[in-house]
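# Coordinates in review
The residues making up each chain are set out below.
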Amino acid sequence: MRADKSLLGLFLTASLALAAIAGPVSAQQPTASQQVGIQRTGSGSFSLDVEGADIRTVLKAISEFAGRSIVPSANTKGIVRVSLKNVSWQDALKAILRSNGLDYVEEGAIIRVDETSKLNSEKVERETANARTLELVPLETRIITLNFASASEMVAPLQGAMSKRGVIQTEKRTNSLIVSDLPANLDRVSAMAEKLDSEIPQIEITAKLVDVDASALRGVGIDWNVGPTDGTDAEFFDATPNTPEFLSPGNDNEQALGASANTSIPGPTHTFTYGIAKSWGFIEAQLSLLEENRKANIISNPRITTVDNREARIIVGQKIPLIIQDVAGNPVTQLTTIGIQLRVTPHLTQDKKIIMDLHPEVSDLSTQSTVQGGIIINTSEADTRVMVDDGQTAVIGGLIRTNTSTVRRGMPFLKDIPLIGALFSSNSTVDQNRELIIFVTPRLIKQMAEN
């Protein structure tokens, strides 16, 4: 019995010792999220409605919700009074901190909270230290050889990717860029140069300038119901509203057998019109027929190749010397182009359509002169933009003039006999409207079209 009592005493003593170590049993404490009443409304959003909660408790609740470590500084103090509905934890954190003059910065996996002014000061100090460090880092040099782009054209776009210490030089012989900059910037500049150095589409511009009888244009097959592609009217320039003379490509007036003509050419009208050729093959056939019947005259058929977004210029005319005065009043001879000029800037779209900026210009010397005896140059020019398919033809027209011809008709040989020739001949005046038509056809070079 005494042994049993001893064992019982030892058991009671051990139980009391364990109870003393463990302490009193208490109920489970609520989490910070439960204390402030965060209600999850989605995978990354919640609602929060607190009035007078300590900001550290609210930050702890957001930390529990987001699964991120938020470390407030000793200066993080304040009372939160907010009502947020269905917001992300990032937006809630920004709103709560900034309403109390605080902000945060992410340092790896930790979000550190402190006063806004202090964080800004730290940012300035870091940037200043980084700038001083970069000034001490030795520069490296890399040579970038270009395939398609011109080295001089690449300098400006690459400057934005370089540091203040960076320098770009060009080497024309090998079409290369010599780039000296911080090692971290060289890879960025090289990658940008490689991306910009892409093959540029080449476009062939074919122009046909035709002087044609205006009445014969009705059946040629031109749709004149087109305008600029940008939704605005074409911009027209007219240097002289009453042009007394036009640079004629020749005498194309239809004459009867055994007749002679004396033609005067009044000035053209000054309104360009634009159209699209429905079928170029049909138009070529019609122009050939009109040329055979002397109702059309092909002035020129130039062809030029340019690259995308690069202007092509076609000139059909003459360069005449004009004497002008320089700044000091001394006479200087200057060559001036008189005739027909066409500037075309093509642009290839993603769907292989071609937008053309067109600038036609027609000029001639006026028979009139200034009070001082100077020469007057009559000019008609316009600017517009049209969009056509690859190989489709845009048409520029509207430059109409009237040819007045005095035609002498009569019996061959007899009409030329002096004195009595008038008995076998008669004179008549014929007015014929002529129009200058410019056909412009862009074609994508085959190599680019196959790609």
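Refer to the structure printed above.
As a starting point, this report considers the structure included with it.

Definitions and cut-offs
Residues numbered from 1 in each chain as written. Predicted model: local features only at pLDDT ≥ 70, side-chain atom pairs only at ≥ 80, totals over all residues. Heavy atoms only, no water. Helix = DSSP H or I, 4+ residues; strand = E, 2+ residues; numbered from the N terminus. Buried < 20%, exposed > 50% of the residue type's maximum accessible area, 1.4 Å probe, protein only. Contact = heavy atoms within 4.5 Å. Areas by Shrake-Rupley, 256 points an atom, 1.4 Å probe, with all protein chains shown as cover. Core = buried A, V, L, I, M, F, W, Y, C linked by side-chain atoms within 4.5 Å. Axes fitted to C-alpha atoms, helices over the stretch in contact; angles between N-to-C directions. Parallel < 35°, antiparallel > 145°, perpendicular 65-115°, else oblique. Left-handed = near helix turned anticlockwise from the far one by under 90°. Nonpolar A, V, L, I, M, F, W, Y, C, P; charged D, E, K, R; others polar. Arc of directions from axis to C-beta.

A tally of helices and strands in the chain yields 9 helices and 22 strands. Looking at the chain residue by residue over its 451 residues, the buried ones come to 36%. For the chain, long-range pairs separated by at least 24 residues make up 70% of all intrachain contacts whose partners lie at least 6 apart in sequence. For the chain, the accessible area works out to roughly 26800 Å², and carbon and sulfur atoms hold 52% of it.

If you look at the biggest cluster of nonpolar residues, it comprises 25 residues, and the most contacted ones within it are Phe46, Leu48, Val58, Ile96 and Leu97. Elements supplying a minimum of two residues to this core: β2 (45-54), α3 (55-66), β4 (79-88), α4 (89-98), β5 (102-107) and β6 (110-115). At 6 residues, the largest contribution of residues to this core is made by α3. Here Leu48 is in contact with Val36, Ile38, Val58, Val82, Ser83, Leu84 and Ile96, once residues within four sequence places are set aside. Counting 22 residues, the second largest nonpolar core, distinct from the first, contains Ile276, Leu358, Val362 and Val388.

To continue, consider the packing of helix α6 (residues 151-159) against helix α7 (residues 183-196). The description of two helices packed together rests on the angle between their axes and the distance between the axes. Running from N to C, α6 and α7 cross one another at 130°; their axes reach a closest spacing of 11 Å. Taken as axis vectors, α6 and α7 run oblique relative to one another. Like other packed secondary-structure pairs, α6 and α7 cross with a definite hand, here right-handed. Side by side, α6 and α7 meet where Met154, Pro157 and Leu158 of the first sit next to Val189, Met192, Ala193 and Leu196 of the second. When the residues that make up the contact of α6 with α7 are grouped by side-chain class, the tally is 7 nonpolar, no polar and no charged.

This next bit is on α6. Side chains three or four residues apart in an α-helix point the same way, a direct result of the helix having 3.6 residues per turn. Buried residues of α6: Ala151, Met154, Val155 and Leu158, and no others. One side of α6 carries all its buried residues, which in axial view fall inside an arc of 120°. Exposed residues pointing more than 90 degrees away from the buried face of α6 are listed as Ser152 and Ala156. Turning to α6, the residues buried within the fold contact β8 (167-171), β9 (176-181) and α7.

Geometric values such as these leave the question of function open.
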